[in-house]
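Working through the structure, step by step
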Amino acid sequence: MATVDIIVGVPGGPGWYPVHEMAQMLGRYTGQAPIHIDPRASLKSLPKILGRLPRIRGGNRSAIVIASDPGQLYAIAQLPYALKRYKAIYGWVIDSFWDDRIPAIALNNTYTTIYVADKDDLPDWQARGVKNLGVLPWGTDVWSSYSENLYISKPVDIVRVGRQPEVYDNDQNSAQLAAERDMSFMGRPPFGESDEQSAQNLSQAYSNAKYLLAFSTKVSPQKYTHPTKEYITGRWTDALAHGIIVAGQVPATTTSRELLWDGATIEIDPFNAETGMDTLAEHVSRWNEEKARYNMRMALAKLDWRHRFKVLLDNAGISSESLEKDLREMAQQS
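Residues numbered from 1 in each chain as written. Predicted model: local features only at pLDDT ≥ 70, side-chain atom pairs only at ≥ 80, totals over all residues. Heavy atoms only, no water.

**Looking at the pattern of salt bridges**
Applicable threshold: One side-chain nitrogen of Lys or Arg within 4 Å of one carboxyl oxygen of Asp or Glu is enough to make a salt bridge. Segments assigned H or I by DSSP are reported as helices when at least four residues long, segments assigned E as strands when at least two residues long, and all are numbered from the N terminus. Categorising residues by exposure relies on relative accessible area from a 1.4 Å probe, with only protein chains included: less than 20% of the type maximum marks a residue as buried, more than 50% marks it as exposed, and the intermediate range marks it as partly exposed.
Inspection of every chain in the model, using the stated rule, returns 22 salt bridges. Of the charged contacts, one joins Lys229 and Asp99 as a salt bridge, the two residues approaching to 2.8 Å between their closest N and O atoms. Residue Lys229 is located in the loop between β9 (209–215) and α8 (234–241), and its partner Asp99 is located in the loop between β4 (88–93) and β5 (113–116); the two are separated by 130 residues in the primary sequence. Lys229 sits in the buried class, given a relative accessible area of 15%. In this structure, Arg188 engages Asp169 in a salt bridge whose closest nitrogen and oxygen atoms are separated by 3.4 Å. Taken together, the residues Arg188 in the loop between β8 (185–186) and α7 (195–208) and Asp169 in the loop between β7 (156–160) and α6 (171–180) connect sequence positions 19 residues apart. Overall, the relative accessible area of 33% leaves Asp169 in the partly exposed class. Each of the salt bridges in this network shares a partner with another, and the network as a whole consists of Arg160, Asp169, Asp171 and Arg188.

The structure is reproduced here in structure tokens:
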């Protein structure tokens, strides 16, 4: 088995549940259970002080730090990990668009490679003096449920998940507009009693629906989103894993364009809900089950977390026979 510590600096909550699940999956492929640290502790004074010290390399063990945002790269400077010798340390920053949070530890010799989630984030990191950068985009777990999802029925035409432009934010109004066009509409899936239950509710909603309403941050900003940058999130990748077509406005980034394919999305008016629903009605009338199966196959080929693991582990010199086996079987399907 691989000799690696997987350190997860990611908060709790439904929005981060897919990343925790991703870390668990990576742990299974490497034979190492992830180490979940307290993200708040990463931002205290001691890790910031220890993180500025030159890192002494050694031993035969590597570390992978999965960071919710750039500040969580300090997770490796929490005790006891600040004192451990690693031959290499790799950082994977999920919300890498927060370039104002790039920490001092990213600038010294601590990290062998730091991966950001979008190619468009690279110039900002490079401008701050960070070297040895790579790109590992958002993903999703397609393969685990691929066979059972491939032929599932989709009785709901449209599902709404997450933030929306103002004209789509009222589920009752959206449901009425959909009904006037002979479409079924499902509003926000309910939160569960746990993050796991919330994720199951969301997965069920994706399984049942043909189209997802989702818009770029450019037209559906919130206090917690970046004020100027656009980016793809797990809402998009998880929906596509279930064969959904995303209706809204695609984030205008290099990695979003590379990840998404013809048929994955349709553009609808973000400022006029009636016009948007008219466009959706045209597409719903032409929808068929093969469109869903095609999206699942494409998601398997382009979005599955296992492709990200392959890049990460190959670069780290870590082998995983079980990952290679799954990738071979996935290639036969897609």
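**Quick word on the packing of aromatic side chains**
Let me state the cut-off plainly: Between the rings of Phe, Tyr and Trp (Trp by its six-membered ring), a pair exists once the centres lie within 6.5 Å; its type follows the angle of the planes, with under 30 degrees stacked, over 60 edge-to-face, and the other angles tilted. Put simply, a charge is over a ring when the Lys NZ or the Arg CZ is close to the ring centre, within 6 Å, and near the line of the ring normal, within 35 degrees.
Scanning the entire structure with this criterion turns up seven aromatic pairs. Ring centres of Trp92 and Trp305 lie 5.8 Å apart, and the angle between their planes is 75°; on these two criteria the pair is classed as edge-to-face. In this pair, Trp92 is assigned in strand β4 and Trp305 in helix α12 (residues 305–316), connecting sequence segments 213 residues apart. For the pair formed by Trp92 and Trp305, the shared burial category is buried. Aromatic rings pair up to connect Tyr29, Trp92, Trp138, Trp305 and Phe309 into one cluster. Just above the ring of Trp98 sits the side chain of Arg101; from NZ or CZ to the centre is 4.1 Å. One Lys or Arg, Lys210, reaches over the ring of Trp287 and ends 5.1 Å from the middle of that ring.

**Points about the sheet that holds strand β6 (residues 133–135)**
Convention followed: Two strands pair under a simple rule: DSSP has to find at least two bridges between them.
In spatial order, the strands read β2-β1-β3-β4-β5-β6; together these six strands make up an open sheet with parallel pairing. In this open sheet, the two strands that pair with only one neighbour each are β2 (35–36) and β6. Alignment of β5 against β6, held across three bridges, turns out to be parallel. Residue pairing for β6: Tyr115 is matched across the bridge by Gly134.

**Observations concerning the side chain of Ser216**
What counts here: Identification of polar contacts relies on pairs of N or O atoms within 3.5 Å, with a donor-acceptor requirement for protein atoms, meaning one able to donate a hydrogen and the other able to accept it, and with residues adjacent in sequence counted only if both atoms are side-chain atoms. A contact between two residues is defined here by any heavy atoms of the two lying within 4.5 Å.
Here Ser216 is to be found in the loop between β9 and α8. For Ser216, a relative accessible area of 1% translates into the label buried. A distance of 2.4 Å separates a polar atom in the side chain of Ser216 from a polar atom in the side chain of Glu230. With residues up to four places along the chain from it excluded, the contact list for Ser216 reads Arg163, Glu230, Trp236, Gln249, Val250 and Pro251.

**Some points on the environment of Ala88**
Its place among the elements puts Ala88 in strand β4. Each C-alpha atom, one on Ala88 and one on Ser144, is 30 Å from the other, the two residues being 56 residues apart in sequence. When near neighbours in sequence (up to four residues on either side) are disregarded, Ala88 contacts Arg57, Arg61, Ser62, Ala63 and Thr112.

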